[in-house]
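What follows is each chain in one-letter form.
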Amino acid sequence: MTVALVTGGADGIGWATAERLAREHAHVVILDRADEAARRRAAQLGAGHRGLACDVSDEGSVAQAIARVLEAYGRIDVLVNNAGIGDQAAPTLEQDAAAFDKVLAVHVRGTFLVSREAARSMVARGSGAIVNVASIAGEAGIPGRNAYGAAKAGIGAMTRSMACEWARKGVRVNAVAPGYVRTALVDQLVAAGALDAAGIEARTPLGRMAAPAEIAEVIAFLASPRASFITGTTIHADGGWLALGAPERALS
């Protein structure tokens, strides 16, 4: 019996990951601020899975959620830190500090809190795998996305630090950095004219956005024994976005 936790697992990459991990783990626990959505998604996965309310930026909420998981199952084998929110849509000179802080609180503080609480049991048992969801925004300059980029860069640094700290305690920590992913939210932004899908696809060497299930496959790999000698690494699942060092016309 193995147990996997996915934060922000009710939608997008998180939901695709929960579906993928349910094929390999007897129990998948979806942690999400939207309690009802988390429970509904867990029911879709079938018997043995569970949805719990959790605000990853709140220390008490995280501690309570992890305690409930351990009370129910007695162990945590895999943790996927996926919960996140988007940036404020404004140029730097017009950005609000409170909104900036909120992005860092969910992404960076949230990843820290959930990792710390889940890793207590992993370290005590001598095994476990943590996969953090970073982003190409943490490694590339994207105008106006200061908080999101800083948060994702922080997650990359935290991944390396925790990986080295817990490596000899049997716990692996890695990250996946997606490029642009065709989630329901992205579809809404494209429909509203707030996101240039054609421009993104033209700039991506593979010529398209990723499907959430493609990112979930990378996460599932890093969380599995198939990646037993990989720790402290960030895998870029970005269709070649970061690799491109020439004008877009070079792609054709």
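Residues numbered from 1 in each chain as written. Predicted model: local features only at pLDDT ≥ 70, side-chain atom pairs only at ≥ 80, totals over all residues. Heavy atoms only, no water.

Quick notes on the overall build of the protein
- Scanning the protein from N- to C-terminus turns up eight helices and seven strands.
- On the principal axes, the C-alpha backbone points of the protein span a range of 55 × 35 × 35 Å.
- Excluding contacts between residues fewer than 6 apart, the proportion of contacts in the protein whose partners are at least 24 apart in sequence is 68%.
- Total accessible area on the protein stands at roughly 11,600 Å², and carbon and sulfur atoms take up 53% of it.
- Each charge class in the protein can be summarised by its mean position, and for the 25 positive and 25 negative side chains these summaries are 7 Å apart. (Helix = DSSP H or I, 4+ residues; strand = E, 2+ residues; numbered from the N terminus. Contact = heavy atoms within 4.5 Å. Areas by Shrake-Rupley, 256 points an atom, 1.4 Å probe, with all protein chains shown as cover. Lys, Arg positive; Asp, Glu negative; His and termini not counted. Charge placed at Lys NZ, Arg CZ, Asp CG, Glu CD.)

Let's talk about the pairing of strand 5 (residues 128-133)
- Most of strand 5 sits inside the fold, with six of its six residues counted as buried.
- Bridge count for strand 4 (residues 78-81) against strand 5 is four bridges, and the pairing is parallel. Its bridge partner lying in strand 5, Val78 is registered against Ala129.
- Between the parallel elements strand 4 and strand 5, the chain passes through helix 4 (residues 97-125) in a crossover that is right-handed.
- Where strand 5 and strand 6 (residues 171-178) come together, six bridges link them in parallel fashion. By the bridge assignment, Ala129 is partnered in strand 6 with Arg172.
- Between the parallel pair strand 5 and strand 6, the chain is carried across by helix 5 (residues 146-166), and the sense of this crossover is right-handed. (Buried < 20%, exposed > 50% of the residue type's maximum accessible area, 1.4 Å probe, protein only. Pairing = 2+ DSSP bridges. Right-handed = clockwise from strand over helix to strand, strands pointing away.)

Observations regarding empty space enclosed by the protein
- The final tally for this structure, using the stated rule, is one cavity of 30 Å³ or more.
- Of the pockets and cavities examined, the largest cavity occupies roughly 50 Å³.
- As for the largest cavity, its lining consists of Thr7, Val56, Asn81, Asn82, Ala83, Val106, His107, Gly110, Thr111 and Val114.
- For the lining of the largest cavity, the leading source of residues is helix 4, giving five residues. (1 Å grid on protein atoms, 1.4 Å probe; cavity = no way out; pocket = protein on both sides within 12 Å on 5 of 7 lines; lining within 4 Å. Points joined across faces, edges and corners; volume = space filled by probe spheres on them.)

Quick notes on the packing of helix 1 (residues 12-21) against helix 8 (residues 212-223)
- Following both chains from N to C, one finds helix 1 and helix 8 inclined at 55°, their axes separated by 8 Å at the closest point. Compared by their axis directions, helix 1 and helix 8 come out oblique. Like other packed secondary-structure pairs, helix 1 and helix 8 cross with a definite hand, here right-handed. Contacts between helix 1 and helix 8 involve Gly12, Ile13, Ala16, Thr17, Arg20 and Leu21 on the former and, on the latter, Pro212, Ala213, Ile215, Ala216, Glu217, Ile219 and Ala220. (Axes fitted to C-alpha atoms, helices over the stretch in contact; angles between N-to-C directions. Parallel < 35°, antiparallel > 145°, perpendicular 65-115°, else oblique. Left-handed = near helix turned anticlockwise from the far one by under 90°.)

Quick look at the sheet that holds strand 6
- Read across the open sheet, the seven strands follow the order 3-2-1-4-5-6-7; overall the sheet is parallel. Across the chains shown, the open sheet's two edge strands, defined by having one partner strand only, are strand 3 (50-53) and strand 7 (234-237). In this sheet, adjacent strand axes meet at a mean angle of 20° when their direction is disregarded.
- Pairing of strand 6 with strand 7, which is carried by four bridges, proceeds in the parallel orientation. Counted as the bridge partner of Ala177 is His236 from strand 7.
- Packing against the sheet, helix 5 makes contact with strand 5 and strand 6, and its axis sits at approximately 160° to strand 6.

Concerning the layout of surface pockets
- By volume, the largest pocket is sized at about 1,500 Å³.
- In this structure, the largest pocket is lined by 49 residues; those nearest its centre are Ile85, Gly86, Tyr148, Thr183 and Leu185.
- Mapped by element, the contributors of at least two residues to the lining of the largest pocket are helix 1, strand 2 (27-32), helix 4, helix 5 and helix 6 (184-191).
- Among the elements that take part in the lining of the largest pocket, helix 6 stands out by supplying five residues, more than any other.
- Along the walls of the second largest pocket sit 13 residues, with Ala129, Arg172, Ala223, Ser224 and Pro225 positioned nearest its centre.
- When the residues that make up the lining of the second largest pocket are grouped by side-chain class, the tally is four nonpolar, five polar and four charged. (Nonpolar A, V, L, I, M, F, W, Y, C, P; charged D, E, K, R; others polar.)

Considering the environment of Val131
- The residue Val131 is located in strand 5 in this model.
- The spatial distance from the C-alpha of Val131 to the C-alpha of Arg182 is 21 Å, given a sequence separation of 51 residues.
- Beyond its immediate stretch of four places on either side in the chain, Val131 contacts Leu79, Val80, Asn81, Asn174, Ile219, Leu222 and Ala223.

Quick look at the packing of aromatic side chains
- Summed over all chains, the structure comprises one aromatic pair.
- We note Arg145 situated over the ring of Tyr148; from NZ or CZ to the ring centre the distance is 4.3 Å.
- Note that Arg203 overlies the ring of Trp241, its terminal NZ or CZ placed 4.2 Å from the centroid. (Phe/Tyr/Trp six-rings, centres within 6.5 Å; stacked < 30°, edge-to-face > 60°. Lys NZ or Arg CZ within 6 Å of the ring centre and 35° of its normal.)

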